[in-house]
Every structure is written in C-alpha cells, then in structure tokens.
Amino acid sequence: MTTEALHHWIVVLDLETFSTRSDPLQQFLRAAMYDVVRTAFEDCGLDAREIAMEDRGDGILMLVPPSVSPVRLAGPLVRALDDGLREKARVHGEENSLRMRVALHQGLAAQDAHGWSGDAVNTAFRLVDAQPLRNVLRKATLARLAFVVSEQVYDGVVRHGHRGLDPAAYLPMRFTTKHGETLCGRVTVPGYSAPPGLPSAATAPQPAPAAPTTGGTGAAERPGAGSAGRVTDIRVRTVHGDVVGGDKHVHGPGTVS
C-alpha cells in the first residue's frame, strides 16, 4: 500500500569510486559511511528517528520531514559529514578512505512496501549523479565531499545567507540528463572558496565586440568598457560559513545499519 505523498527535504549521499573497490573493501566503506552519517546526526542535533533512510548500496537516500530546518541540513549536517570523512581518512589512510557527493532537494515523496518514489526523489538522484558534480569532486583533490543543492533550495534557503551559509561559495551547475532534460543546481566544496572543475565567468565564452553604430565614434565597444562584454574580476576569497559534489533494502525512520 502506498502512503500519501508528503513534502520532505531529500538528501542523497553517494560514495565516489565505490564499484571499483574489492568486495571486502566495499563492505568496510559501507560500514564507515553509516558510521559517519550516524555521528553527523548526533553532532548537528538531528534525531535519527525522524529521518527515513533507504539503503542504495553505494549511498543512502534520506527523507527528512519539513519540521527540520533546511539551514541545518545545508550547514551543520554537511560540515559534520565532512568532518567525519576527514577523521576516517586520518585513521584508515587514503587507500581505505571514502569521499562522497551529497545532494539536497525538496518536494513530494511517497512510500510503499518497497521504498520511496516521486519526481523530487528522481531529481535528487540526478543531481548527485551529475557528471559535472563528479568532475568537481575529482578535481578537488584536497576535499572529502562535494555538495550540490537544487535551484529551488538555493533560491529559497542558501541565497539568503542564513547563519552558517555562504551563498558566494556556490557556483551554478548545468547539465543534461539521459532523458534530454536540462537541470540546474548550485555546488560548493568544503575548504574551497569555489568548487574546481566548473566553468567560471573567466573561462566562459565572451560576447563578440559590438558593431560600431552610424554616427558613433567609429570604434567597436571594447569588452570591459561597458555593461556588454564586461569581464568579471574574480579573486580568491577567505572561506567562511558552510563552504564545506537494482534491489533496495529499505530501512524505517531512524534505522542506521
């Protein structure tokens, strides 16, 4: 029996390069992943009993009730996950360490006997699986985590700069799904002033110089001379806030294997 679709904050975690590891190492990484998540809940004051979790093999789908502030998810939770991943790397070394991509979206989701479904759930998975986000984590060699939020979450939560959130640390990510749909999100990486591996204003194609107008100066407008063709001056900033990218076994709310 399918339950009524209700609004949730939707968090998806996915481990990097999981399928390339040996079977024993995959088991070790899964245990470490759940340990990081459990500790992160405790560190940021989240009650695991309120969160429905669905195991995805190399990741976790989490359905968080709307009573939980998304500021806590985008800020303290992401920072706590990053801290946990770094701690695991120090203890177990790089060969046995784990890195992850994390996505945050929102929308309706319904549960049946087999798990959770809904367009919002699909969108969250598309965000966490996006190739640009994978590229960011691969380029961010000093990071343990890359975090993407949907445009809806960015506009409604992150861009307002709530305490612990730094909108300037998020860059836009645009990609096409396998179904030909274009999706957008915003990406940040803990420890980086801007996520590496994404096109920036400095590298994006610039518009061609405007043609001279009759009776004008006779010279085409130069890039930077006016609003058209202006090149944004990009500087490295000091990072603040949250500058932190088959069969399913279903867990009930608050169950962490």
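One can find the structure itself at the top, above this paragraph.
Residues numbered from 1 in each chain as written. Predicted model: local features only at pLDDT ≥ 70, side-chain atom pairs only at ≥ 80, totals over all residues. Heavy atoms only, no water.

Novice: What is the right way to read the overall build of the protein from this model?
Specialist: Looking only at helices and strands, the protein features five helices and nine strands. Counting helices and strands in the order they occur from the N terminus, the protein gives β-α-β-β-α-β-β-α-α-β-α-β-β-β. When the accessible surface of the protein is summed, it comes to about 13,300 Å², and 51% of that surface belongs to carbon and sulfur atoms. (Helix = DSSP H or I, 4+ residues; strand = E, 2+ residues; numbered from the N terminus. Areas by Shrake-Rupley, 256 points an atom, 1.4 Å probe, with all protein chains shown as cover.)

Novice: Is there a simple way to think about unusual backbone geometry in this case?
Specialist: Peptide bonds are mostly trans, and most non-glycine residues show a negative phi. In this structure, Thr17 is a non-glycine residue whose phi angle is positive, near 50°. Inspection of the secondary structure assignment puts Thr17 in the loop between β1 (6–15) and α1 (23–43).

Novice: What should I look at first to understand the packing of α1 against helix α2 (residues 70–92) in this one?
Specialist: How two helices sit against one another is set out by the angle between their axes and by the gap between those axes. Close contact between α1 and α2 brings their axes to 8 Å; oriented N to C, the two are set at 135°. On the basis of the axis angle, α1 is oblique to α2. The two elements α1 and α2 cross, and the hand of that crossing is right-handed. Mapping the contact onto sequence places Phe28, Ala32, Asp35, Val36, Val37, Ala40, Phe41 and Asp43 in α1 and Leu77, Ala80, Leu81, Gly84, Leu85, Lys88 and His92 in α2. In the contact of α1 with α2, the residues fall into 10 nonpolar, two polar and three charged. (Axes fitted to C-alpha atoms, helices over the stretch in contact; angles between N-to-C directions. Parallel < 35°, antiparallel > 145°, perpendicular 65-115°, else oblique. Left-handed = near helix turned anticlockwise from the far one by under 90°. Contact = heavy atoms within 4.5 Å. Nonpolar A, V, L, I, M, F, W, Y, C, P; charged D, E, K, R; others polar.)

Novice: Help me out: how do you make sense of the pairing of strand β7 (residues 171–176) in this one?
Specialist: Successive residues of a regular strand alternate their side chains across the two faces of the sheet. Pairing of β7 with strand β8 (residues 182–188) involves six bridges; the strand directions are antiparallel. Across the sheet, Thr176 pairs through a bridge with Thr182, a residue of β8. (Pairing = 2+ DSSP bridges.)

Novice: Whenever I open this one, the nonpolar core confuses me. Can you help?
Specialist: Side chains of a nonpolar character, in soluble globular proteins, are inclined to be buried together. Ranked by size, the top nonpolar core spans 44 residues in total, and within it Leu13, Met62, Leu73, Leu81, Leu104 and Phe147 carry the most contacts. If one sorts the elements of this core by residue count, α1 sits on top with nine residues. The residues touching Leu73, leaving out its near neighbours within four places in the chain, are Trp9, Val11, Leu46, Val64, Val68, Val78 and Leu104. The next biggest cluster of nonpolar side chains, apart from the first, holds 29 residues, and it includes Ala109, Leu127, Met173 and Phe175. (Core = buried A, V, L, I, M, F, W, Y, C linked by side-chain atoms within 4.5 Å. Buried < 20%, exposed > 50% of the residue type's maximum accessible area, 1.4 Å probe, protein only.)

Novice: For this particular structure, what's the right way to read the pattern of salt bridges?
Specialist: Oppositely charged side chains can form a pair if their charged atoms are brought close together. Tallying each qualifying case throughout the model produces 12 salt bridges. Of the charged contacts, one joins Asp55 and Arg30 as a salt bridge, the two residues approaching to 2.9 Å between their closest N and O atoms. With a gap of 25 residues between them, Asp55 in strand β2 (residues 52–55) and Arg30 in helix α1 connect regions that are remote in the sequence. Look at Asp55 and you get buried, because its relative accessible area is 8%. Exposure remark for Arg30: the relative accessible area of 26% places this residue in the partly exposed category. (Salt bridge = Lys/Arg side-chain N within 4 Å of Asp/Glu carboxyl O.)

Novice: Sorry, what's going on with the pairing of strand β3 (residues 59–64) here?
Specialist: A large share of β3 lies buried, amounting to six of its six residues. Direction of pairing for β2 relative to β3: antiparallel, over a ladder of four bridges. Each bridged residue has a counterpart across the sheet, and for Met53 the counterpart in β3 is Met62. The turn linking β2 back onto β3 is made up of three residues, and Gly57 within it adopts a positive phi angle of 80°.

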